[in-house]
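Summary of the model geometry
The lines below spell out each chain.
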Amino acid sequence: MVINFISEKAKIGKNVQIWHFSYIGDNVEIGDNVKIGSLVHIDYDVKIGKNCKIEGSAYIPPLSRIGDNVFIGPGATLTNDPYPPCKKMIGVTILEGAVIGSKAVIRPGIKIGENSVVAMGAVVTRDIPKNTVVMGSPATIRYTREEYDKKQREWLES
């Protein structure tokens, strides 16, 4: 028996796969062809575009916006409370084609630019421009998405 909680108020697109023990809150919108791993928590009022992959144990807080073709690695944590505990919250925005590495943490209100990459374990405290790769704590720019894609191709060919 697979036990997930999917709110009756959630709108789930076509061909969405949701693995074991995941939570999908009220007023969540998930686009077509999205894969959601085990133990993922997607809180209320979240919008996720099409063709995304969210790996296991990721946390997506209320008010987050995720564009099309986004990858979120295992254990990544988006946050929405800049001064906990606070009644006023702000979501994270991740634009189309971005990659969020495993166990990355993203501060409330941050915008991750189109096709940007946040490396595993990075702590993002500032907006990330498009086509940029960031690493570290706090996350700093290391190189371009073009360089990242080249490194990935070289790795695949080795």
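Definitions and cut-offs
- Residues numbered from 1 in each chain as written.
- Predicted model: local features only at pLDDT ≥ 70, side-chain atom pairs only at ≥ 80, totals over all residues.
- Heavy atoms only, no water.
- Pairing = 2+ DSSP bridges.
- Helix = DSSP H or I, 4+ residues; strand = E, 2+ residues; numbered from the N terminus.
- Phe/Tyr/Trp six-rings, centres within 6.5 Å; stacked < 30°, edge-to-face > 60°.
- Buried < 20%, exposed > 50% of the residue type's maximum accessible area, 1.4 Å probe, protein only.
- Lys NZ or Arg CZ within 6 Å of the ring centre and 35° of its normal.
- Contact = heavy atoms within 4.5 Å.
- Axes fitted to C-alpha atoms, helices over the stretch in contact; angles between N-to-C directions.

**Some words on the sheet that holds strand β11 (residues 65-66)**
- Taken in spatial order, the six strands make up an open sheet running β2-β5-β8-β11-β14-β17, and their pairing is parallel. Each having just a single partner strand, β2 (11-12) and β17 (111-112) make up the two edges of the open sheet.
- With two bridges connecting them, strand β14 (residues 93-94) and β17 associate as parallel partners. Bridge pairing links Thr93 to Lys111 in β17.

**A word on the packing of aromatic side chains**
- Taken as a whole and assessed by the stated rule, the structure comprises one aromatic pair.
- Between Phe5 and Tyr23, the aromatic rings sit 5.1 Å apart at their centres with planes inclined by 20°, giving stacked as the arrangement. Here the residue Phe5 occupies a position in strand β1 (residues 5-6), and Tyr23 occupies one in strand β4 (residues 23-24), the gap between them amounting to 18 residues.
- For Phe5, a relative accessible area of 41% gives the class partly exposed.
- Over the ring of Tyr143 we find Lys151, and its NZ or CZ is 5.0 Å from the ring centre.

**A short note on the sheet that holds strand β20 (residues 132-135)**
- Pairing within the open sheet is mixed, and its eight strands lie in the order β3-β6-β9-β12-β15-β18-β20-β21. What marks the edges here is a single partner per strand, and that holds for β3 (17-18) and β21 (140-144).
- The pairing of strand β18 (residues 117-118) with β20 spans two bridges and is classified as parallel. Directly across from Val118, in β20, lies its bridge partner Val134.
- Across the face of the sheet, helix α1 (residues 145-157) comes into contact with β15 (99-100), β18, β20 and β21 while running at roughly 65° to β21.

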